[in-house]
Amino acid sequence: MRPRPRSAWRAVGLSAGGLCLALLLLESLLQVLAGIAWARGRGTPTGPAPKGERVVLCEGDSFTYGLGSSSMEQSYPAQLERLLRETGESDWTVLNRGRAGQNSRDILLRIDRDFEEVHPRLVYVLAGGNDLWSEPPHEVLPPPQGPPRADSFPWRWRTLRLARLLAHRLRSKPDPPTPEREASPPTFAGGWYSGRTRVEFRPDGRLSTGSLEARWSIEGDRMAIEGLPGAPLRPYWLLDSNRLLLHGGGLVGSVLLSRVPAGSGEGKGEAASSPDLVPHAWRAFESERFGEALRLYEARLRDSPEDLWARAGIVLTLQRLGHTREARDHVAWLQERARADSNRVVREITASSLSAIGERDACMRLAREIVEEHPDSATAWSVLAGQAPQVGDYRLARTAAEKALALTPSGAAGQRAFLHRVRSQALRAEEPKEALKSACEAFLEDRSELSLLEQFRGGREVFSRPMLEGCLDELRVGGGDRRRIEAVFARAIGPVEGREEILASHLKQIVERCRARGGQVVLVGYPLPNPVVDRAAQRAASEAGAGWLSVSEEFNRLLRSTSRDDLFIPDGHCTDRGYGVIARRVAEDARRRLP
């Protein structure tokens, strides 16, 4: 073998050096930004509380910080202070030291400093959820001896932490509901564009695009297209706002046709480019640039209030931002349109939007009406599949998921993965092997290891390794996919206990350090039950002499009579009302402990 030329080695060395320099610059930038955030976060108050004042310190992660609330004034600590003072008792002071993304180790390393700054009589700690993705190393601090060292910026490798968080977000990002997109004009005949590709619908029934020729005709709410390579197509159509939407009936996904090519300079001003705002907005939504998506959807609706697709998109965006009330206004508009227009696509969009805002009864009622009239509606069956488990109807969930899977094209990986997971959940109790198989099929669709981990953990009591091997053999899964699935399964049934032990140790040390300085400590559970975190917190409370406060029972009670979206934003954080529920439970506990 001939030795590699020196110039090649030099190029490799320069590339490696460039990568190292880029990582070093990124790490430096993250350290600077973290330092700014740290400096801002330590501005309230820094001295001991006045004698006799009832000071409450709230420690935790994003649920304490108030992520998802409309403002910091709606975080649970802020609402807690208002509740405690509402009877005129102004000696209550509540301090919010929650920080988004922090785990139990972060709180442990900071608790001495936070305590000495404010000398609270009562400390509430709501933490542990982030331990499951950040996997902090086990920290054991020496017993507290005298006052803690002077406040100092906590140094850690932030590039590695950012990479872990991004990996977790990418794996766990929920697939947004997918209302069929876009629509169009007053007549079919004429020229249309898919991007810059021209499609000609001629009045004599001929269709041409590029070098391809075919024939088209209208059959009710379907368009028949014959003569293209492959089987004939019979997609559903919808005309709206000078756009034509074709979906289903053999098409993979949806096809949006516009009267002008993408980027065309026809016309002047926003009106000419307005139809293009919806796809741009959707791309911004999928990239989690929700503020940009909202601005684009609003601009489109100002130009064309009748645009169904902008309405559907703005509903999803407002929900993701936690603005449920505004989202409901747009859904009400869609409901009026659906009552006035029996078009199947209009009703499917409305059902999907009702599902997005948690209007379960209206959503399921409309979806049932659609599938009775159109049993081949993949959208309506998917809506039923998503809602049925929330009312405990697993038989309907299984039937709807299987119907939707049969109707959903193979290219729609995200939707098919969602349906497989619904089916897996519905089958878990009665047919665990089939449930395990569906969980694996979901992974093969979207390759989400985090979702697979959640499915495996949900079936820990009924799944087994021999069962998994049998499922993988039946699915003919081999190579890298098989190794990844087996590794996730091993992680699901094994390492959780290790992280549970570390979390319990960190929480126990937090309690002990606060109690050594004279403070009472209460560990608080999350709004939705988290078995790993709950077990660790209850164990730490029992061993260290702290209180334990569960809030999930109150949320479960409320969810029997109210929409989930009244209490939670889509990623699971609370709305203003949800944080108010936590605040009320903590206020009751605080008054009992500090009468």
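Residues numbered from 1 in each chain as written. Predicted model: local features only at pLDDT ≥ 70, side-chain atom pairs only at ≥ 80, totals over all residues. Heavy atoms only, no water.

Draft legend 1. Structural detail: unusual backbone geometry. Even without being a glycine, His-119 presents a positive backbone phi close to 50 degrees. Mapped onto the elements, His-119 comes out in the loop between helix 4 (104-118) and strand 3 (122-126). His-119 gets classed as partly exposed once you look at its relative accessible area, which sits at 32%. In the Ramachandran plot, Arg-447 falls in the positive-phi region, its phi being about 55 degrees despite a non-glycine side chain. By the element assignment, Arg-447 lies in the loop between helix 17 (432-446) and helix 18 (449-458). (Helix = DSSP H or I, 4+ residues; strand = E, 2+ residues; numbered from the N terminus. Buried < 20%, exposed > 50% of the residue type's maximum accessible area, 1.4 Å probe, protein only.)

Draft legend 2. Looking closely at the pairing of strand 6 (residues 206-209). Pairing between strand 5 (residues 197-201) and strand 6: 2 bridges, direction antiparallel. When the sheet's bridge partners are listed, Glu-200 is paired in strand 6 with Ser-208. Here 4 bridges tie strand 6 to strand 7 (residues 212-219), and the two strands are oriented antiparallel to one another. Looking at the pairing, Ser-208 lines up with Glu-213 of strand 7. Linking strand 6 back to strand 7 in an antiparallel pair, the connection comprises 2 residues, with Gly-210 at a positive phi of about 65 degrees. (Pairing = 2+ DSSP bridges.)

Draft legend 3. Structural detail: the pattern of salt bridges. Under the definition given, this model contains 45 salt bridges. The partner of Arg-482 in a salt bridge is Asp-473, with the nearest N and O atoms 2.9 Å apart. When its relative accessible area of 17% is taken as the criterion, Arg-482 is described as buried. With a shortest N-O distance of 2.6 Å, Glu-554 and Arg-557 are connected by a salt bridge. Pair noted here: Glu-554 and Arg-557 are both in helix 23 (residues 552-559), with a separation of 3 residues, about one helical turn. Judged by relative accessible area, Glu-554 falls into the partly exposed class, the value being 22%. (Salt bridge = Lys/Arg side-chain N within 4 Å of Asp/Glu carboxyl O.)

Draft legend 4. Representation of the packing of aromatic side chains within the structure. Following the criterion strictly, the structure yields 5 aromatic pairs and no others. Measuring from ring centre to ring centre gives 5.2 Å for Phe-201 and Trp-216, while their planes differ by 85 degrees; the resulting arrangement is edge-to-face. Taken as a pair, Phe-201 in strand 5 and Trp-216 in strand 7 lie far apart in primary sequence, 15 residues in all. For the pair Phe-201 and Trp-216, one class covers both residues: buried. Here the aromatic rings of Phe-456 and Phe-489 are separated by 5.1 Å at their centres, their planes lie at 75 degrees, and the arrangement is edge-to-face. Separated by 33 residues along the polypeptide, Phe-456 in helix 18 and Phe-489 in helix 20 (residues 479-493) bring together distant segments of the chain. The exposure class of Phe-456 is buried, given its relative accessible area of 1%. With relative accessibility at 2%, the residue Phe-489 sits in the buried group. Ring pairs connect the aromatic residues Phe-456, Phe-463 and Phe-489, which therefore count as one cluster. It is Arg-311 that lies over the ring of Trp-333; its NZ or CZ is 4.3 Å from the centre. (Phe/Tyr/Trp six-rings, centres within 6.5 Å; stacked < 30°, edge-to-face > 60°. Lys NZ or Arg CZ within 6 Å of the ring centre and 35° of its normal.)

Draft legend 5. Representation of the sheet that holds strand 12 (residues 520-524) within the structure. In spatial order, the strands read 2-1-3-12-13; together these 5 strands make up an open sheet with parallel pairing. Strand pairing shows two members of the sheet lacking a second neighbour, strand 2 (92-96) and strand 13 (547-549), which therefore form its edges. Within this sheet the neighbouring strands show an average axis-to-axis angle of 20 degrees, counted without direction. The sheet contact formed by strand 1 (residues 54-60) and strand 3 spans 5 bridges and is parallel. Following the sheet pairing, Cys-58 is matched in strand 3 by Tyr-124. Running at roughly 160 degrees to strand 1, helix 4 makes contact with strand 1, strand 2 and strand 3 of the sheet. Of the strands in this sheet, strand 12 and strand 13 touch helix 22 (residues 531-544), which is tilted by about 150 degrees from strand 13. (Axes fitted to C-alpha atoms, helices over the stretch in contact; angles between N-to-C directions. Contact = heavy atoms within 4.5 Å.)

Draft legend 6. Up close: the packing of helix 8 (residues 277-286) against helix 9 (residues 290-303). Contact pair helix 8 / helix 9: the axes reach a minimum separation of 8 Å and the direction vectors enclose 160 degrees. It follows that helix 8 is roughly antiparallel to helix 9 by the angle criterion. Of the two possible hands of crossing, helix 8 and helix 9 adopt the one that is left-handed. Residues Leu-277, Val-278, His-280, Ala-281, Trp-282, Ala-284 and Phe-285 of helix 8 pack against Phe-290, Glu-292, Ala-293, Leu-296, Tyr-297, Ala-299 and Arg-300 of helix 9. Residue composition of the contact of helix 8 with helix 9, by class: 11 nonpolar, 1 polar and 2 charged. (Parallel < 35°, antiparallel > 145°, perpendicular 65-115°, else oblique. Left-handed = near helix turned anticlockwise from the far one by under 90°. Nonpolar A, V, L, I, M, F, W, Y, C, P; charged D, E, K, R; others polar.)

Draft legend 7. Representation of the state of the cysteines in the model. A complete count under the given rule lists 0 disulfides for this structure. We note that Cys-471 lacks a disulfide partner, and the nearest cysteine sulfur, in Cys-440, lies 5.8 Å from it. (Disulfide = S-S within 2.5 Å.)

Draft legend 8. Structural view of the environment of Arg-539. Within the secondary structure, Arg-539 sits in helix 22. In this structure Arg-539 comes out as partly exposed when scored by relative accessible area, which is 35%. Along the sequence, Arg-539 and Leu-507 sit 32 residues apart, while their C-alpha atoms lie 9.3 Å from each other. Residue contacts for Arg-539: discarding those within four places in its chain leaves Glu-501 and Ala-504.

Note that all results are geometric; they support no functional claim without further evidence.
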